[in-house]
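Structural overview
Single-letter residue listing:
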Amino acid sequence: MASRNLPTERTERGLNPFASFRNEMNDFFDRFAREIFPSDQSSFMPKLEVRDAGSKYELSAELPGMKEDDINISLKDNMLVIEGEKKNENKKEGKGFYRSEISYGSFYRAIPLAADVNPDTVSATYKDGVLRISLDKTAEVESKTKRIAINKTGTTDKNLSNRH
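Presented here is a report on the structure given in the accompanying data block. (Residues numbered from 1 in each chain as written. Predicted model: local features only at pLDDT ≥ 70, side-chain atom pairs only at ≥ 80, totals over all residues. Heavy atoms only, no water.)

Here strand β6 (residues 123-127) pairs with strand β7 (residues 130-136) via five bridges, running antiparallel. Residue Lys127 lies in a different strand from β7, and its bridge partner there is Val130. Between the antiparallel neighbours β6 and β7 lie two residues, among them Asp128 with a positive phi of about 55°. (Pairing = 2+ DSSP bridges. Helix = DSSP H or I, 4+ residues; strand = E, 2+ residues; numbered from the N terminus.)

Below you can see the structure in the form of structure tokens.
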């Protein structure tokens, strides 16, 4: 069995360990589905990138060849849902194909959201086959974040060291 560094790659990008684990599981099930149904041309799964950008989360989805009108984005039960249909407009009936690797069909992605997302400020843009969604964090959660200083002297609080 091949060894992989599952959480470290994503945590270096700024995701917390639980989000990283969730993303790894989503990727695992996506790969599993593609291996079971490799010739299924009725659907495809767009690649996603989710990033914690401090005051917001940023999501990018690769949707090449799609039109903006064919993409639907919604929030439902603390999930961001991206769905749509990639249509094959160049039907070449009667023509012989040697190989076709272009996927067409419908897709559905449901991304669990962190509890700190403000659902009223979600925005999306679509340009050059890339969908970008910005999800602002709530001000309440942002204001509760506190940086903890590390004691550089190497000593600890005497009350803590006497508890052994």
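There's more to say after this.
Our focus in this paragraph is the sheet that holds strand β2 (residues 56-62). Across a sheet, paired strands are connected by hydrogen bonds in the backbone, their directions being either parallel or antiparallel. Read across the sheet, four strands follow the order β1-β2-β7-β6 without closing on themselves; strand pairing throughout is antiparallel. The open sheet is flanked by β1 (48-52) and β6, the only strands paired with a single partner. The sheet shows a mean angle of 15° between the axes of neighbouring strands, direction not considered. (Axes fitted to C-alpha atoms, helices over the stretch in contact; angles between N-to-C directions.)

Following the sequence through the fold, Ser134 ends up in strand β7. Given the relative accessible area of 15%, Ser134 is considered buried. Aside from chain neighbours lying at most four places away, what touches Ser134 is Lys56, Tyr57, Thr121, Val122 and Ser123. (Buried < 20%, exposed > 50% of the residue type's maximum accessible area, 1.4 Å probe, protein only. Contact = heavy atoms within 4.5 Å.)

As a further point, take the nonpolar core. Core analysis: the biggest nonpolar cluster contains 17 residues, and Leu63, Leu80, Ile82 and Leu131 have the highest contact counts within it. The set of elements that each furnish at least two residues to this core consists of β2, β4 (79-86), β5 (105-112) and β7. If sequence neighbours within four positions are ignored, Leu63 has contacts with Pro46, Ile71, Phe107, Tyr126, Gly129 and Leu131. (Core = buried A, V, L, I, M, F, W, Y, C linked by side-chain atoms within 4.5 Å.)

In spatial order, the strands read β3-β4-β5; together these three strands make up an open sheet with antiparallel pairing. At either end of the open sheet lies a strand with only one pairing partner, and these are β3 (71-76) and β5. Between one strand axis and the next, the sheet turns through 15° on average, direction left out of account. Examined bridge by bridge, β3 and β4 share six bridges and lie antiparallel to one another. When the sheet's bridge partners are listed, Asn72 is paired in β4 with Glu83.

So, on to the environment of Val130. Along the chain, the position of Val130 falls in strand β7. Residue classification places Val130 among the partly exposed positions, given a relative accessible area of 21%. Placed 65 residues apart in sequence, Val130 and Gly65 show a C-alpha to C-alpha distance of 9.7 Å. Filtering out sequence-adjacent residues up to four positions away, Val130 remains in contact with Ser60, Ala61 and Thr125.

Of note, Ile82 is situated in strand β4. Separated by 27 residues in sequence, Ile82 and Arg109 have C-alpha atoms that sit 5.2 Å apart. In this view, Ile82 contacts Leu48, Leu59, Ile71, Asn72, Phe107, Tyr108, Arg109, Ile111, Leu131 and Ile133; residues no more than four positions away in its chain are not counted.

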